[in-house]
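# Overview (structure and organization)
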Amino acid sequence: QKASVGEVRIQFVDEGSLAPVGGAKVTLFKGNQSVSTKTTNEGGQVTFSVSSSNSLSISVDHPAYLIKTGYPVSVSTAGYTQVAMTKATPQNSQIVTVHVVDELGQPVENAYVALKKSPSGASIGTNKITGASGTVVFTSLEEGTYFASAYKPGFSDQLKSELFTVKARENVEVTIKLVLGTGSVLLSVTGADGQPLAGATVQPVDGITQQPINGDF
């Protein structure tokens with residue numbers, strides 16, 4: 001058995017009243033591996049002894065609050081680290097946020113995004129259009145399995161996300177990466193007088209990276 005390098009000490013409180021949240025189930029993870037699960041006491045406190053301080057995170061579940069997952073934690077040096085919990089309401093839970101990005105991970109504005117129920121493929125509400133952040137939000141969803149799709153002219157065909165599940169007291173974030181489409185470009189090179197210019201050298205440039213494109217294009 002590995003020797004302990006310290007303790008992770010956490011106190012969970014209501015974000016509004018700062019009252020302790022007792023009876024919450026807390027799971028400690030190292031990377032993606034579950035290490036231990038404990039329940040907070042009446043003071044909202046829980047303590048884990050750990051053999052390594054690297055890549056630690058927790059998930060916490062209480063029936064009255066939004067579920068937290070992947071919350072990073074570290075070995076405590078003094079006292080308890082306070083973590084605020086948000087009360088679950090119909091307005092703030094069961095929300096799906098869809099991020100549309102390009103091949104470099106940059107937000108894609110004016111992309112059309114649809115949310116559909118699986119396996120029927122029935123659309124949920126109307127399509128939404130991303131803003132400058134490349135993000136749209138679908139709210140007040142029923143529990144179940146869904147997928148999202150995104151499309152913007154100039155990019156490849158409509159792309160779908162993996163299936164994901166919406167559960168009570170949970171919010172879901174989905175990212176769809178669009179790939180630039182293919183096609184042909186007709187260029188006309190003219191001189192200062194507006195007349196066609198023969199023998200000009202044309203160098204295409206990638207519209208995203210601004211780097212020259214060599215070879216076939």
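My aim in this report is to walk through the structure given alongside it, one point at a time.

Thresholds, definitions, all that
Residues numbered from 1 in each chain as written. Predicted model: local features only at pLDDT ≥ 70, side-chain atom pairs only at ≥ 80, totals over all residues. Heavy atoms only, no water. Helix = DSSP H or I, 4+ residues; strand = E, 2+ residues; numbered from the N terminus. Contact = heavy atoms within 4.5 Å. Pairing = 2+ DSSP bridges. Axes fitted to C-alpha atoms, helices over the stretch in contact; angles between N-to-C directions. 1 Å grid on protein atoms, 1.4 Å probe; cavity = no way out; pocket = protein on both sides within 12 Å on 5 of 7 lines; lining within 4 Å. Points joined across faces, edges and corners; volume = space filled by probe spheres on them. Nonpolar A, V, L, I, M, F, W, Y, C, P; charged D, E, K, R; others polar. Buried < 20%, exposed > 50% of the residue type's maximum accessible area, 1.4 Å probe, protein only. Phe/Tyr/Trp six-rings, centres within 6.5 Å; stacked < 30°, edge-to-face > 60°. Lys NZ or Arg CZ within 6 Å of the ring centre and 35° of its normal.

With that settled, the discussion passes to the side chain of Thr 97. Tracing the backbone through its elements, the reader meets Thr 97 in strand β8 (residues 96-101). Ignoring any residue separated from it by four or fewer positions in sequence, one finds Thr 97 in contact with Thr 135, Val 136, Val 137, Val 172, Glu 173 and Val 174.

Another aspect to go through is the sheet that holds strand β6 (residues 68-72). Read from one edge to the other, the open sheet built from four strands follows the order β3-β2-β5-β6, with strand pairing classed as antiparallel. A single partner strand is all that each edge strand has here, and the edge strands are β3 (33-39) and β6. With strand direction ignored, the average angle separating the axes of adjacent strands in the sheet is 25°. Two strands pair when backbone bridges link them, and strand β2 (residues 25-30) and strand β5 (residues 56-61) are joined in this way by six bridges, in the antiparallel orientation. Its bridge partner lying in β5, Leu 28 is registered against Ile 58.

Using a probe with the size of a water molecule, rolled over the atoms, empty space left in the structure can be pinpointed. Put simply, the second largest pocket is a space of about 180 Å³. The wall of the second largest pocket is formed by Leu 66, Ile 67, Lys 68, Thr 69, Thr 86, Arg 169, Glu 170 and Asn 171. Taken together, the residues that form the lining of the second largest pocket break down as two nonpolar, three polar and three charged.

In this sheet, β3 lies alongside β2 in antiparallel orientation, the contact comprising six bridges. Each bridged residue has a counterpart across the sheet, and for Val 26 the counterpart in β3 is Lys 38. Counted along the chain from β2 to the antiparallel partner β3, the turn is two residues long, and its residue Gly 31 has a positive phi close to 65°.

What follows concerns unusual backbone geometry. The step from Ser 118 to Pro 119 runs through a cis peptide bond, and the omega angle for that step is 5°. For Pro 119, the location among the structural elements is in the loop between β9 (112-117) and β10 (128-129). Non-glycine residue Leu 18 carries a positive phi angle of around 65°. The class for Leu 18 is exposed, based on a relative accessible area of 53%. At Ser 140, a residue that is not glycine, the phi angle is positive and equals roughly 50°. By relative accessible area, Ser 140 is classed as exposed at 55%.

For the structure shown, the criterion picks out one aromatic pair. Ring centres of Tyr 146 and Phe 164 lie 6.4 Å apart, and the angle between their planes is 15°; on these two criteria the pair is classed as stacked. With Tyr 146 in strand β12 (residues 144-151) and Phe 164 in strand β14 (residues 164-166), the pair connects residues that are 18 residues apart, well separated along the chain. Judged by relative accessible area, which is 2%, Tyr 146 ranks as buried. The ring centre of Phe 138 lies 5.4 Å from the NZ or CZ of Lys 128, which sits over that ring.

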